[in-house]
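# Chains, contacts and geometry: an overview
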Amino acid sequence: MILAIDTSVGTAVAVLEDDGVVLAEGRSQNPLGHAEVIGGLLQDALAAASGSIEARGEQLTHVAAGMGPGPFTGLRVGIAAARAFALGRGIPVVPVVSHDAVALEIFLAGAMTDTEVARFAVVTDARRREFAFTVYEGIDDDGLPVRVTDPGLIPRDELDARLAELGAERRDAAGISAAMVAVIAGRAIAAGRSTAPTEPLYLRSPDVTMPHGPKRVTA
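All of these numbers come straight from a predicted model, not from anything done at the bench.

## Some remarks on the overall build of the chain
Helix and strand content of the chain: five helices and ten strands. Residues counted as buried form 47% of the 219 residues belonging to the chain. Taking the intrachain contacts of the chain between residues at least 6 apart in sequence as the baseline, contacts between residues at least 24 apart amount to 69%. Split by element, the accessible area of the chain, about 11300 Å² in all, is 52% carbon and sulfur.

In structure tokens:
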């Protein structure tokens, strides 16, 4: 049973059983204010799922954390929450590339309608007139999306030309499904593999940095 948290685009929380059944899910599409809403979303999701968890005598076994790509400030809120919750429960964190969750949702929608899904790029707003994008083509034997490129950052007015070079359709995502983050994590766990780095995919340095040292004062 997996708790999933993602704050790369908005804020999303979900609790899933190991068979993919969604016990609880909540989200805020606001690209800001992650710290203000994540506590309430977590509380509501865990409360909604508690009845099923108690009835089946099961416990949460993993926390799936969306690792981005995403802006520094928002992304670290979700990752910190996931790590803190996992530490408190003594369970492992499973890192997930947030764009993988969008890609899997697109592939599953194609399978439901028997539609072949051509190479595409998941695109999210990175703000500051930039987009984050990752290109995908097909799923592997473990049911996980295959990345053609690593997540990258590009100016908005250069994106379409770059995707044309890569032969990828553009798929804009206004949010990330925490349920799909959990599904990615569950499939990775079942396959005994890691699909994401353990460090966040910020793609851009934070606005505020530590000073290099005291300024020299001269008379």
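Having put the structure on the table, let's press on.
## Points about the pattern of salt bridges
Within this structure, the stated rule accounts for ten salt bridges. Between R171 and E169 there is a salt bridge whose closest N-O contact spans 3.7 Å. A cluster of three or more residues bridged by salt bridges with shared partners is formed by D140, D142 and R193.

## A word on the side chain of T149
When you line up the elements, T149 lands in the loop between β8 (145-147) and β9 (152-155). By relative accessible area, which is 16% here, T149 ends up buried. Polar contacts involving the side chain of T149 include one to the main-chain amide nitrogen of V135, which spans 3.1 Å. Each residue touching T149, except ones within four places of it in the same chain, is listed here: F133, T134, V135 and L166.

## As for unusual backbone geometry
In this model, G68 is joined to P69 through a cis peptide bond whose omega is 20°. By the element assignment, P69 lies in the loop between β4 (62-66) and α2 (72-89). Although it is not a glycine, D114 adopts a positive phi angle of roughly 55°. Along the chain, the position of D114 falls in the loop between α3 (98-112) and β6 (120-127).

## Some words on the pairing of strand β7 (residues 130-139)
For β6 and β7, the ladder comprises seven bridges, and the chain directions are antiparallel. Counted as the bridge partner of V122 is T134 from β7. Linking β6 back to β7 in an antiparallel pair, the connection comprises two residues, with R128 at a positive phi of about 55°. Two strands pair when backbone bridges link them, and β7 and β9 are joined in this way by four bridges, in the antiparallel orientation. Across the sheet, the residue bridging to F131 is I154, located in β9. Counting the residues that bridge the hairpin from β7 to β8 gives five residues, and of these G143 lies at a positive phi of roughly 80°.

## Brief notes about the packing of aromatic side chains
Under the definition given, this model contains three aromatic pairs. Judged by centre distance (4.6 Å) and plane angle (50°), the rings of F72 and Y202 are tilted. Taken as a pair, F72 in helix α2 and Y202 in the segment after α5 (178-191) lie far apart in primary sequence, 130 residues in all. Judged by relative accessible area, which is 23%, F72 ranks as partly exposed. Taken together, the aromatic side chains of F107, F120 and Y136 make up a single cluster linked through ring pairs. When the ring centre of F131 is taken as reference, the NZ or CZ atom of R156 above it lies at 5.2 Å. A cation sits over an aromatic face here: R171 above F120, 5.4 Å from the ring centre.

## Considering the sheet that holds strand β5 (residues 93-96)
Taken in spatial order, the five strands line up as β3-β2-β1-β4-β5 in an open sheet, and their pairing is mixed. With partners counted over all chains shown, the strands left at the sheet margins are β3 (22-28) and β5, one partner each. In this sheet, neighbouring strand axes are inclined to one another by 15° on average, regardless of whether the strands run parallel or antiparallel. Bridge count for strand β1 (residues 2-6) against β4 is four bridges, and the pairing is parallel. Residue L3 lies in a different strand from β4, and its bridge partner there is V63. Along the sheet, α5 makes contact with β1, β2 (11-16), β3, β4 and β5, crossing β1 at roughly 125°.

## As for α3
In this model, α3 (15 residues) spans 22 Å end to end at C-alpha, consistent with the 21 Å of a helix rising 1.5 Å per residue. Every buried residue of α3 is listed here: S98, H99, D100, A101, V102, A103, L104, I106, F107 and G110. Directly after α3, the chain includes D114, whose backbone phi takes a positive value near 55°.

What counts as what
Residues numbered from 1 in each chain as written. Predicted model: local features only at pLDDT ≥ 70, side-chain atom pairs only at ≥ 80, totals over all residues. Heavy atoms only, no water. Helix = DSSP H or I, 4+ residues; strand = E, 2+ residues; numbered from the N terminus. Buried < 20%, exposed > 50% of the residue type's maximum accessible area, 1.4 Å probe, protein only. Contact = heavy atoms within 4.5 Å. Areas by Shrake-Rupley, 256 points an atom, 1.4 Å probe, with all protein chains shown as cover. Salt bridge = Lys/Arg side-chain N within 4 Å of Asp/Glu carboxyl O. Polar contact = N/O pair within 3.5 Å; in protein donor to acceptor, adjacent residues only side chain to side chain. Pairing = 2+ DSSP bridges. Phe/Tyr/Trp six-rings, centres within 6.5 Å; stacked < 30°, edge-to-face > 60°. Lys NZ or Arg CZ within 6 Å of the ring centre and 35° of its normal. Axes fitted to C-alpha atoms, helices over the stretch in contact; angles between N-to-C directions. Expected span 1.5 Å × (residues − 1).

Shape is all these values report; function is a separate question.
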